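Overview (structure and organization)
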Amino acid sequence: MTDPILQEIVEGTLASVEREVETAIARTARSPMIRDAHDFRAGIHDRRLRKLTGRSYSALVQPIARDFPLDGMRPGDVFFHNDVYLSEGGIGHLPDLCVTVPVFHDGEVVAFVQAFGHHDDIGGAVPGSMPSHARSAYEEGLMVPPIKLWDRGVPNEAALAIMTRNSRMPDSLAGDLDAECSACLMGARRLGDLFARYGRADVEACFDAIISRTTETFRRELLAKIPDGTFVWEDYAEHDGVDPPRLHAQRITLTVDKSADAPLVIDFTGTSPQAKGPINHAGDYADGVFLKKWLAPVLRNLADTPERAAELDVNEGVVPLIEMRFPEKGTLLTPVFPAPTNARTFVILRLLGVLAGVLAKATGGRMPADQETIRYTGVYGEDDRGPYLMREVLGGGSGGRYYADGEDTIHIVPDSRNIPAEFAEARWPFVVERLGLAVDSGGPGEFRGGLGYDKHIRMLRDAHYMSIADRSILSCWGVNGGRAGRPFRVDIDGVEMDGLVDDHPVRAGQVIRIRTTGGGGWGDPLDRDPSRVAADVRDGKVSLDGARDDYGVVLHDGTVDARATEDLRARLRTERGPAPFFDRGPGYPTLSGGATSADVDTP
């Protein structure tokens, strides 16, 4: 038994240190991706490599401990890596650079502080190190296996010189690395103070208790809501940048046995072969421990209330509840080096939706509809200050839920945000003419899907447009009668762009119009309260045509015509027939390669 008061102190200290590390990085980093968009994360792990904090996902310490024995580490050491295939599954693509600092007490390693984030450029075939048509990891940038970047407080200047020499943005890269190393060293000192004050035995006992509590809470409050049995579902990436667009399947067979030590078995058999292009994700390492912690937040949707869901952290305590079974080498989830991986979001984001879909089948729809809230868009060129790169991770709408509409313009990375228009216009040669919500982008439903962004950028100089985006053909699916949201779309002066673009020329004066994805709807849209549809129209979220055609609501001067609405809805119910449990949208039948049969979409 641990002292419950001390356990609260330890848990609060861990959360405080994690946030202090992230705040220090955000205030001292150089690149807009880290400083402004906040596309990075910190995490704290114990000496057994277990993740203790649960506000967000982080990378793994396993590759550092594999290559550098703990008894050889010294205070002031800083370790670094970004090699996808040597990261034990914790790094998805080369721009994600990871810094790890050991924490010491009485001369021994007792914990680790880690930060990893998406950096501007680490070399490779195109600015930004995300070539959408890459066929090999060697085209994607500099690969660094685990190395000691600082030795007892002294930076390895040779290694830093190699990395900055390979970057198109050397000053930003050097500044970001310095910020991350310094912040993690500061976090290590804070944790060292915790051990010094309360003693190693008691603090480590609190670590065990924190993790065990998560295990038991998830087992008791969440897994109990899933019936025993076997359930199957799959979803798709739509293109890989090399082959013509087709369906690249990601399948989950979920087996639930609440009497087993690992109540959930997630089997990825049936996932499509490794892609030629960069949409692969190397997930089959360390027994899938990164993917377990990546997917486990989906389970929080089973909590009794959304408020309770927000209270549940995802730390190492979720790992023993899940067993993962991977197919043989050579699939999207088990690629063989040097398969490219820079657009691996097409797989790991889709897996969140596949798990939500299979749980929706198991629980009668008690899960949100689909969302796609990461895509990279940007421009690069030269201005009076030299070469520049503007890349932004614009969010999208989340899926409708059984109790509420989806959220508008969210991002899967906590605390991340778009780049402020005022900052962007001061730094880069363009004007942001519009930044708002994309009308009608959210999937219709009893609970509507969240809306995506509508952003218009007018270039002031010639440049090149770039994009790494999925869901440009397929839509975010609706569930339990809800309908799919609208897909991602970009046009430049009326010319529609593909989702994967490296270097499309944009002339001064041309306008780039970006509409990001809307989340899927939940429940039959003809069951939505007409007054809420009228409110959506007043708020500019749904058009008058959308109110009539999607929801069967007739408005006159903003007021619901109750009789006309009742008649229209009766006619639409007859014409549409029973609403499907899943609605994948109009893009799905246009692509080949899927393995979906009718029973896959049937609850």
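Residues numbered from 1 in each chain as written. Predicted model: local features only at pLDDT ≥ 70, side-chain atom pairs only at ≥ 80, totals over all residues. Heavy atoms only, no water.

The protein chain appears in an unreviewed UniProt entry as Hydantoinase B/oxoprolinase family protein from Actinomadura napierensis.

Okay, the overall build of the protein chain next. Of the regular secondary structure elements, the protein chain holds 13 helices and 23 strands. A compact globule built from 603 residues should have a C-alpha radius of gyration of about 25 Å, and the protein chain, at 24 Å, falls within 12% of that. Along the first, second and third principal axes, the C-alpha atoms of the protein chain reach 80 × 65 × 45 Å. Taking all 603 residues of the protein chain together, 62% fall into the buried category. Long-range pairs, those at least 24 residues apart, make up 74% of the contacts in the protein chain with a sequence separation of at least 6. Approximately 22,200 Å² of the protein chain is accessible, and the part contributed by carbon and sulfur atoms is 50%. Side chains of the protein chain give 68 positive and 91 negative charges; the mean places of these two sets differ by 1 Å. (Helix = DSSP H or I, 4+ residues; strand = E, 2+ residues; numbered from the N terminus. Rg over C-alpha atoms; globule rule 2.2 N^0.38 Å. Buried < 20%, exposed > 50% of the residue type's maximum accessible area, 1.4 Å probe, protein only. Contact = heavy atoms within 4.5 Å. Areas by Shrake-Rupley, 256 points an atom, 1.4 Å probe, with all protein chains shown as cover. Lys, Arg positive; Asp, Glu negative; His and termini not counted. Charge placed at Lys NZ, Arg CZ, Asp CG, Glu CD.)

Another point: the packing of helix α1 (residues 4-28) against helix α5 (residues 170-198). Taken N-terminus to C-terminus, the directions of α1 and α5 make an angle of 160°; their axes are 8 Å apart at the nearest point. Considering their axes alone, α1 and α5 lie roughly antiparallel with respect to each other. Read as a crossing pair, α1 and α5 show a hand that is right-handed. On the side of α1, the interface is formed by L6, I9, V10, T13, L14, V17, E20, V21, A24, I25 and T28, while α5 contributes G175, A179, E180, A183, C184, M186, G187, R190, L191, L194 and Y198. Considering only residue class, the contact of α1 with α5 consists of 15 nonpolar, 4 polar and 3 charged. (Axes fitted to C-alpha atoms, helices over the stretch in contact; angles between N-to-C directions. Parallel < 35°, antiparallel > 145°, perpendicular 65-115°, else oblique. Left-handed = near helix turned anticlockwise from the far one by under 90°. Nonpolar A, V, L, I, M, F, W, Y, C, P; charged D, E, K, R; others polar.)

On to the sheet that holds strand β19 (residues 500-506), then. Strand order across the open sheet formed by 4 strands is β12-β11-β15-β19, with antiparallel pairing between neighbours. Here the strands that pair on one side only, and so sit at the sheet edges, are β12 (386-393) and β19. Each strand of the sheet is rotated relative to its neighbour by a mean of 15°, with strand direction disregarded. In this structure, strand β11 (residues 376-383) lies alongside strand β15 (residues 463-468), joined through 5 bridges in antiparallel fashion. The partner of Y376 across the bridge, within β15, is I468. (Pairing = 2+ DSSP bridges.)

Glancing now at the pairing of strand β8 (residues 248-256). Counting buried positions over the 9 residues of β8 gives 8, a clear majority of the element. Bridge count between strand β7 (residues 229-237) and β8: 9 bridges; the pairing is antiparallel. Looking at the pairing, V232 lines up with T253 of β8. Bridge analysis of β8 against strand β9 (residues 264-267) gives 4 bridges, and the strand direction is antiparallel. In the strand pairing of β9, V256 is matched with L264.

The omega angle of the peptide bond from F337 to P338 is 10°, so this bond is cis rather than trans. Note that P338 resides in the loop between β10 (322-325) and α9 (345-363). Not every positive phi belongs to a glycine, and H38 is a case in point at roughly 60°. Note on placement: H38 falls in the loop between α2 (32-35) and β1 (40-46).

Turning next to the environment of D235. Along the chain, D235 turns up in strand β7. When neighbours within four sequence positions are excluded, D235 is seen to be in contact with H248, A249, Q250, R350, V354, D370, R471, W477 and R584. Separated by 3.1 Å, the side chains of D235 and W477 make a polar contact. (Polar contact = N/O pair within 3.5 Å; in protein donor to acceptor, adjacent residues only side chain to side chain.)

What follows is about the side chain of T215. Along the chain, T215 falls in helix α6 (residues 200-222). A polar contact of 2.6 Å, which involves the side chain of T215, links it to the backbone oxygen of G317. Leave out the neighbours within four places in its chain, and T215 touches G317, P320 and L321.

Turning our eyes to something else, we now look at the packing of aromatic side chains. Under the definition given, this model contains 15 aromatic pairs. Ring centres of Y138 and F337 lie 5.7 Å apart, and the angle between their planes is 70°; on these two criteria the pair is classed as edge-to-face. With Y138 in the loop between β4 (108-118) and β5 (147-151) and F337 in the loop between β10 and α9, the pair connects residues that are 199 residues apart, well separated along the chain. Geometrically, the ring pair formed by W477 and F582 is edge-to-face, given 5.5 Å between the ring centres and 85° between the ring planes. Residue W477 is found in the loop between β15 and β16 (478-479), and its partner F582 is found in strand β23 (residues 582-583); the two are separated by 105 residues along the sequence. Taken together, the ring pairs connect W233, W477, F581 and F582 into an aromatic cluster. Seen from the ring of Y588, R584 lies directly overhead, with NZ or CZ sitting 5.5 Å from the centre. (Phe/Tyr/Trp six-rings, centres within 6.5 Å; stacked < 30°, edge-to-face > 60°. Lys NZ or Arg CZ within 6 Å of the ring centre and 35° of its normal.)

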